[in-house]
Protein chains: 2
Amino acid sequence: MSQTASNPVQELLVAPRLAALGNETRLAIYRSLVRAGQNGLPVAGVQERLQIPASTLSHHLRRLVEVGLVTQEREGTTLHCTADFQVMSDTFALFQRECCADVSDPTQNPCC
Amino acid sequence: MSQTASNPVQELLVAPRLAALGNETRLAIYRSLVRAGQNGLPVAGVQERLQIPASTLSHHLRRLVEVGLVTQEREGTTLHCTADFQVMSDTFALFQRECCADVSDPTQNPCC
DNA sequence: TCGATATTTCTAGAATTTTAGAACCAACAG
DNA sequence: CTGTTGGTTCTAAAATTCTAGAAATATCGA
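This one's a predicted model, so the numbers in the text were calculated from it and none came from an experiment. (Residues numbered from 1 in each chain as written. Chains lettered and ligands numbered in written order. Predicted model: local features only at pLDDT ≥ 70, side-chain atom pairs only at ≥ 80, totals over all residues. Heavy atoms only, no water.)

Peer 1: Looking at this model, I keep getting lost on the packing of aromatic side chains. Mind explaining?
Peer 2: What describes a pair of aromatic rings is the distance from one ring centre to the other and the angle between the planes of the rings. Considering all chains together, one arrives at 1 aromatic pair over all chains under this definition. Consider the rings of Phe-92 of chain A and Phe-92 of chain B, whose centres lie 3.1 Å apart with planes at 0 degrees: the pair is stacked. Remark: Phe-92 of chain B occurs in helix H5 (residues 85-98) and Phe-92 of chain A occurs in helix H5 (residues 85-98); the pair is interchain, linking two chains. For the pair formed by Phe-92 of chain A and Phe-92 of chain B, the shared burial category is buried. (Phe/Tyr/Trp six-rings, centres within 6.5 Å; stacked < 30°, edge-to-face > 60°. Helix = DSSP H or I, 4+ residues; strand = E, 2+ residues; numbered from the N terminus. Buried < 20%, exposed > 50% of the residue type's maximum accessible area, 1.4 Å probe, protein only.)

Peer 1: Honestly, the relation of the copies chain B and chain A in this entry has me stumped. Any pointers?
Peer 2: Copy one and copy two of the chain differ by a rotation about an axis and a translation along that axis. Structural alignment of chain B on chain A gives an RMSD of 0.0 Å, achieved by rotating through 180 degrees and translating 0.0 Å along the axis. Within this description, the copies of the chain are treated as partners about a two-fold rotation axis. Interface overlap between copies is the fraction of interface residues in one copy that are interface residues in the other; for chain B against chain A it reaches 100%, indicating a shared surface. (Least-squares fit on C-alpha atoms with pLDDT ≥ 70 in both. Contact = heavy atoms within 4.5 Å.)

Peer 1: What is the right way to read the packing of helix H1 (residues 8-21) of chain A against H5 of chain A from this model?
Peer 2: The relative placement of two packed helices comes down to the angle between their axes together with the axis-to-axis distance. Residues and elements named next belong to chain A. Remark: H1 packs on H5, axes separated minimally by 10 Å, with the N-to-C direction vectors making an angle of 110 degrees. The orientation of H1 relative to H5 falls into the category roughly perpendicular. Viewed along their axes, H1 and H5 form a crossing whose handedness is left-handed. In this structure, H1 uses Gln-10, Glu-11, Val-14, Arg-17, Leu-18 and Leu-21 to contact H5, whose residues at the interface are Val-87, Met-88, Thr-91, Phe-92, Leu-94 and Phe-95. Counted by class, the contact of H1 with H5 contains 8 nonpolar, 2 polar and 2 charged residues. (Axes fitted to C-alpha atoms, helices over the stretch in contact; angles between N-to-C directions. Parallel < 35°, antiparallel > 145°, perpendicular 65-115°, else oblique. Left-handed = near helix turned anticlockwise from the far one by under 90°. Nonpolar A, V, L, I, M, F, W, Y, C, P; charged D, E, K, R; others polar.)

Peer 1: Any chance you could explain the confidence of the model for chain A here in plain terms?
Peer 2: Any segment with low pLDDT has predicted coordinates that should not be analysed in fine detail. Summarising the model, chain A shows a mean pLDDT of 89, and 91% of its residues fall at 70 or more. Here residues 1-5 of chain A scores under 50 on pLDDT; set against residues more than four positions off or in separate chains, the count is 9 contacts. (pLDDT = per-residue confidence, 0-100.)

Peer 1: Explanation requested: unusual backbone geometry in the structure shown.
Peer 2: Leave glycine aside and you will find that most residues have negative phi; peptide bonds, for their part, are mostly trans. Positive phi is not limited to glycine here, since Cys-100 of chain A has a value of about 65 degrees. Among the secondary structure elements, Cys-100 of chain A is positioned in the segment after H5.

Peer 1: Looking at this structure, I do not really get the environment of Leu-94 of chain A. What am I missing?
Peer 2: Residues and elements named next belong to chain A. As for its placement among the helices and strands, Leu-94 is situated in helix H5. For Leu-94, a relative accessible area of 4% gives the class buried. Sequence separation between Leu-94 and Val-14 is 80 residues, and the spatial gap between their C-alpha atoms is 8.5 Å.

Peer 1: Sorry if this is basic, but what is going on with the protein's contact with DNA strand D here?
Peer 2: In the neighbourhood of DNA strand D, 21 residues make up the surrounding shell, with His-59 and His-60 of chain A together with Ala-44, Ser-58 and Leu-79 of chain B lying closest. A distance of 2.8 Å separates a phosphate oxygen of DNA strand D from a polar atom in the side chain of Ser-58 of chain B. Here Thr-77 of chain B contributes a side-chain N or O atom positioned 3.3 Å from a sugar or linking oxygen of DNA strand D. Of all the secondary-structure elements, those providing two or more residues to the surface near DNA strand D are helix H2 (24-36) and helix H4 (54-66) of chain A together with helix H3 (43-50), helix H4 (54-66) and strand S3 (78-83) of chain B. It is H4 of chain A that contributes the most residues to the surface near DNA strand D, 5 residues altogether. (Near = heavy atom within 4 Å. Polar contact = N/O pair within 3.5 Å; in protein donor to acceptor, adjacent residues only side chain to side chain.)

Peer 1: Looking at this structure, I do not really get the pairing of strand S2 (residues 70-75) of chain B. What am I missing?
Peer 2: Put simply, side chains in a regular strand alternate between the two faces of the sheet. Residues and elements named next belong to chain B. Judged from the 6 bridges that link them, S2 and S3 form a sheet pairing that is antiparallel. Note that in S3 the partner of Gln-72 across the bridge is Cys-81. Counted along the chain from S2 to the antiparallel partner S3, the turn is 2 residues long, and its residue Gly-76 has a positive phi close to 65 degrees. (Pairing = 2+ DSSP bridges.)

Peer 1: Looking at this structure, I do not really get the nonpolar core. What am I missing?
Peer 2: Side chains that are nonpolar tend, in soluble globular proteins, to be buried together. Counting 62 residues, the largest nonpolar core has Tyr-30 of chain A together with Tyr-30 of chain B as its most contacted members. Other than its neighbours up to four places away in sequence, Tyr-30 of chain A contacts Leu-21, Leu-64, Leu-69, Val-70, Ala-83, Asp-84, Phe-85 and Met-88 of chain A together with Phe-95 of chain B. (Core = buried A, V, L, I, M, F, W, Y, C linked by side-chain atoms within 4.5 Å.)

Here it is as structure tokens:
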């Protein structure tokens with residue numbers, strides 16, 4: 001069940017989520033999962049595409065899962081990874097929401 | 001002049017920008033600027049709000065400026081900082097664009 | 001049970017980041 | 001020119017992150 005963007009738990013996760021995607025390797029991992037869509041990819045599929053050592057990949061995947069950007073589901077021996085795109089959209093929406101929040105004169109904020 | 005989101009220069013900056021906002025302190029700085037709207041804030045204004053030592057603040061601001069998330073303009077002795085909200089929107093748009101890009105069967109990508 | 005495949009955990013070195021005091025510089029008012 | 005205000009650069013210590021080999025674990029087929 002996905003929480004709403006105004007949920008304090010989500011607020012708490014904004015920086016960790018951005019940090020998770022702020023690493024080139026993890027960004028590449030996340031992107032390959034985003035590109036793969038709802039079906040996602042098994043860990044081995046990501047490894048094949050990106051040629052990352054298994055332990056490094058596992059480490060990065062864990063961070064993505066920890067912050068909720070990726071979900072994993074075991075199917076027998078293979079672990080299926082899927083990017084939760086909604087989570088990222090919600091995170092971005094937090095910024096949108098508070099744009100110009102401190103501007104008293106509404107004629108002074110043409111951006112939002 | 002802002003570049004389009006498909007510009008390779010922008011692509012190159014995605015991870016650094018997300019990383020820049022992935023730090024709690026920098027995220028707080030950026031947010032206070034976003035809230036301040038087009039007018040932005042002088043460095044001292046940010047410091048007053050967030051109570052960060054000047055050298056630490058200066059260091060973080062530089063990183064935000066380096067990746068294009070914040071612009072600075074000197075007005076006499078004070079340095080005015082403004083969040084470039086468009087840059088962040090463009091960065092986020094890059095994700096949106098490539099969602100499900102690798103999915104061949106269009107019935108398999110209900111997310112985009 | 002044995003072996004193969006898929007993935008994680010342990011470990012540790014290298015690199016980077018974060019933090020902030022202290023010294024420094026630049027612009028301006030007097 | 002002198003002092004003050006606004007900000008940066010220098011420096012360095014502490015913390016964190018990144019990377020990947022090696023060993024370990026788990027599932028399944030034969």
